Amino acid sequence: MILFGHRGAAGHEPENTVLSVRKGIELGSDWIEVDVFCVKGELIVFHDRTLGRTTNGRGFLMWRSLDYLRSLDAGKGQKIPFLKEVVEALEGRVGLNIELKGPRTAEPVARFLDPYMAGTEVPRILVSSFDHAGLRRFCLLQNRIPVGYLYRKIRIADVTRAREAGAFSLHCALRAIRRPVVLKAHACGMKVFVFTVNEPDDIRRMADMGVDGIFSDYPDRVHRMRLEGRI
Ligand code: G3P
Ligand code: MG
């Protein structure tokens, strides 16, 4: 199973910060997942629409100036990062899963990725979203980057629909994933990644179900189970 460090390593460090991304790599993640909004034309790494839960700021993210957002403490003195700062922190050591959040994020992310597409090798980047229309717009602009369709609930019919739309992978909530969905996705040539899997019993269960990857706030737990041959 591929191990995605969820929001970096959100169980250990303030989520979606450079510190968390570095921790996710240190703890054995193969890929790092971050959430991305476009605010005032800049791509920033952040999960919520509001600032209160993870920063010392208040109000709606989209209504605030970039100067204000960058002045905030996102935990342990970390700033809300720009997407480019996260890419730099990866140093090409692991893959990057960019989850599109908020309105009108697909186009600026596609433009952001343009410079990385110049070589013959496709960079290790996966773009995903609950906003499937946004993913379709993204694909029109960047057709070599794989896209993952996110689901909180999923039916078999969604699998074929995602395949027809060109999805590379299905990203399903832990409580929603069932073996028939995994089998159908594999029969259609798609990967299945499950979020957010933190408990050892669930990690084991996902391995037994044959999913292709999991997102975890505690990449170290998954990494250790792999080393011990328990998954
Ligand atoms: O991309 C997987 C997972 O991060 C989706 O849910 O709310 O944690 O962004 P959320
Ligand atoms: Mg996410």
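Placed above this text is the structure.
Residues numbered from 1 in each chain as written. Chains lettered and ligands numbered in written order. Predicted model: local features only at pLDDT ≥ 70, side-chain atom pairs only at ≥ 80, totals over all residues. Heavy atoms only, no water.

Participant: So, the site of ligand 1: which residues are in play, and what are the values?
Facilitator: Taken together, His6, Arg7, Glu33, Asp35, His47, Glu99, Lys101, Phe130, Leu150 and Phe195 form the complete shell of residues around ligand 1. Between an oxygen atom of ligand 1 and a side-chain N or O atom of Asp35, the distance comes to 3.1 Å. Between ligand 1 and the protein, one listed contact pairs an oxygen atom with a side-chain N or O atom of Lys101 at 2.9 Å. Expressed as a share of its isolated accessible area of 290 Å², the protein-covered part of ligand 1 is 92%. Per-class residue counts for the shell around ligand 1 are three nonpolar, two polar and five charged. (Near = heavy atom within 4 Å. Polar contact = N/O pair within 3.5 Å; in protein donor to acceptor, adjacent residues only side chain to side chain. Areas by Shrake-Rupley, 256 points an atom, 1.4 Å probe, with all protein chains shown as cover. Nonpolar A, V, L, I, M, F, W, Y, C, P; charged D, E, K, R; others polar.)

Participant: Outline the nonpolar core, supporting the account with residue identities and numerical values.
Facilitator: Where a protein is soluble and globular, its nonpolar side chains tend to be buried together. Counting residues in hydrophobic clusters, the biggest one holds 56 residues, and the most contacted among them are Ile98, Val127 and Leu170. For Ile98, the residues in contact, after removing those within four places along its chain, are Val34, Val36, Leu83, Val109, Leu113, Ile125, Leu126, Val127 and Ser128. Ranked by size, the runner-up nonpolar core spans 12 residues in total, among them Val39, Ile44, Leu61 and Phe82. (Core = buried A, V, L, I, M, F, W, Y, C linked by side-chain atoms within 4.5 Å. Buried < 20%, exposed > 50% of the residue type's maximum accessible area, 1.4 Å probe, protein only. Contact = heavy atoms within 4.5 Å.)

Participant: Got a sec to walk through the coordination of the magnesium ion (ligand 2)? Specific residues and values, please.
Facilitator: Each protein donor to the magnesium ion (ligand 2) is listed here as Glu33 (OE), Asp35 (OD) and Glu99 (OE); together their distances run 2.0 to 2.1 Å. Within one chain, the residues donating to the magnesium ion (ligand 2) are spaced in sequence as E-x1-D-x63-E. Of the two residues, Glu33 sits in strand β2 (residues 31–39) while Glu99 sits in strand β4 (residues 95–100), which places them 66 residues apart along the sequence. Glu99 matches Glu33 in its accessibility class, with the two residues each being buried. (Donors = N, O, S within 2.8 Å, 3.2 Å for Na, K, Ca; no water. Helix = DSSP H or I, 4+ residues; strand = E, 2+ residues; numbered from the N terminus.)

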